[in-house]
Amino acid sequence: MKTIDTELKNAWTRQLRKDWHLANYAYFKDKMYFPIIKVFDTNHLLGQWDGEKQTLSISSILIKESPWEYVREVLYHEMVHQYMEEVLGHSYEKPHGELFRELCNEREIDPRASGDIRSWVEKKRRDLKVDSGNCKIIDKVHKLFSLAQSSNQYEAELAMRKAHELLLKHNLSSLEVET
């Protein structure tokens with residue numbers, strides 16, 4: 001069981017790294033240094049930026065229980081904290097103050113991506129009025145795509161095959177899954 005947990009965390013971390021690079025380019029004009037990205041076990045925080053250790057952490061519970069787009073939203077939120085500290089030099093400002101909210105709003109990032117995981121996810125779902133059936137399927141496909149990045153060829157092929165089966169079964173396109 002530990003091996004599966006470790007492999008899952010490694011797959012999630014690889015996907016978070018890819019998403020970080022894309023967001024750094026798209027939202028922050030490649031101005032930030034690549035941090036250590038970790039998946040950590042907590043049900044108290046969605047994510048965390050630690051400037052002293054240059055570490056960006058995302059909750060494993062958030063990843064397990066939420067659509068990947070929510071995980072990305074938290075990643076982007078933490079990246080705004082990183083940007084404020086690294087690029088703007090505002091490490092001592094109030095964490096979710098006016099400048100933080102401005103930066104989030106300019107980039108269309110949720111400045112509220114903090115607090116209790118389950119209540120934040122529920123608020124997010126209500127805000128988006130997402131169909132929970134499709135949401136669960138799309139989330140499964142996202143997780144399978146992450147597993148498809150595995151260095152274990154058998155695991156990667158199986159995950160990709162399962163993802164495509166779900167897409168066909170529920171008549172979804174890869175584009176719908178990405179959006």
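If you're wondering where the values come from, they're calculated on a predicted model, not measured in any experiment.

Criteria and thresholds
Residues numbered from 1 in each chain as written. Predicted model: local features only at pLDDT ≥ 70, side-chain atom pairs only at ≥ 80, totals over all residues. Heavy atoms only, no water. Core = buried A, V, L, I, M, F, W, Y, C linked by side-chain atoms within 4.5 Å. Buried < 20%, exposed > 50% of the residue type's maximum accessible area, 1.4 Å probe, protein only. Helix = DSSP H or I, 4+ residues; strand = E, 2+ residues; numbered from the N terminus. Pairing = 2+ DSSP bridges. Phe/Tyr/Trp six-rings, centres within 6.5 Å; stacked < 30°, edge-to-face > 60°. Lys NZ or Arg CZ within 6 Å of the ring centre and 35° of its normal.

Caption draft 1: Representation of the nonpolar core in the model. In terms of nonpolar packing, the biggest core is built from 32 residues, with Leu16, Ile58, Leu62, Ile63, Leu75, Met79 and Trp120 touching the most fellow members. No other element matches the 10 residues that helix H3 (residues 68-86) contributes to this core. Residues Phe145, Leu147, Ala148 and Leu167 belong to the second largest nonpolar core, which totals 10 residues.

Caption draft 2: Inspection of the pairing of strand S3 (residues 55-59) at higher detail. The element S3 is extensively covered by neighbouring structure, given that 5 of its 5 residues are classed as buried. Across the two faces of S3 the burial is the same, with Thr55, Ser57 and Ser59 and Leu56 and Ile58 all buried. Pairing of strand S1 (residues 36-40) with S3 involves 5 bridges; the strand directions are parallel. What sits directly across from phenylalanine 40, in S3, is serine 59. Where strand S2 (residues 47-50) lies against S3, 4 bridges are found, and the strand directions are antiparallel. From the neighbouring strand, glutamine 48 faces S3, where its bridge partner is serine 57.

Caption draft 3: View of the packing of aromatic side chains. Considering all chains together, one arrives at 4 aromatic pairs under this definition. Judged by centre distance (6.3 Å) and plane angle (70°), the ring pair of tyrosine 27 and phenylalanine 28 falls under edge-to-face. You can call tyrosine 27 partly exposed: its relative accessible area is 28%. Residue classification places phenylalanine 28 among the buried residues on the basis of a relative accessible area of 2%. Taken together, Tyr27, Phe28, Tyr76 and Tyr83 form an aromatic cluster joined through their ring pairs. One Lys or Arg, arginine 107, reaches over the ring of tyrosine 83 and ends 5.0 Å from the middle of that ring.

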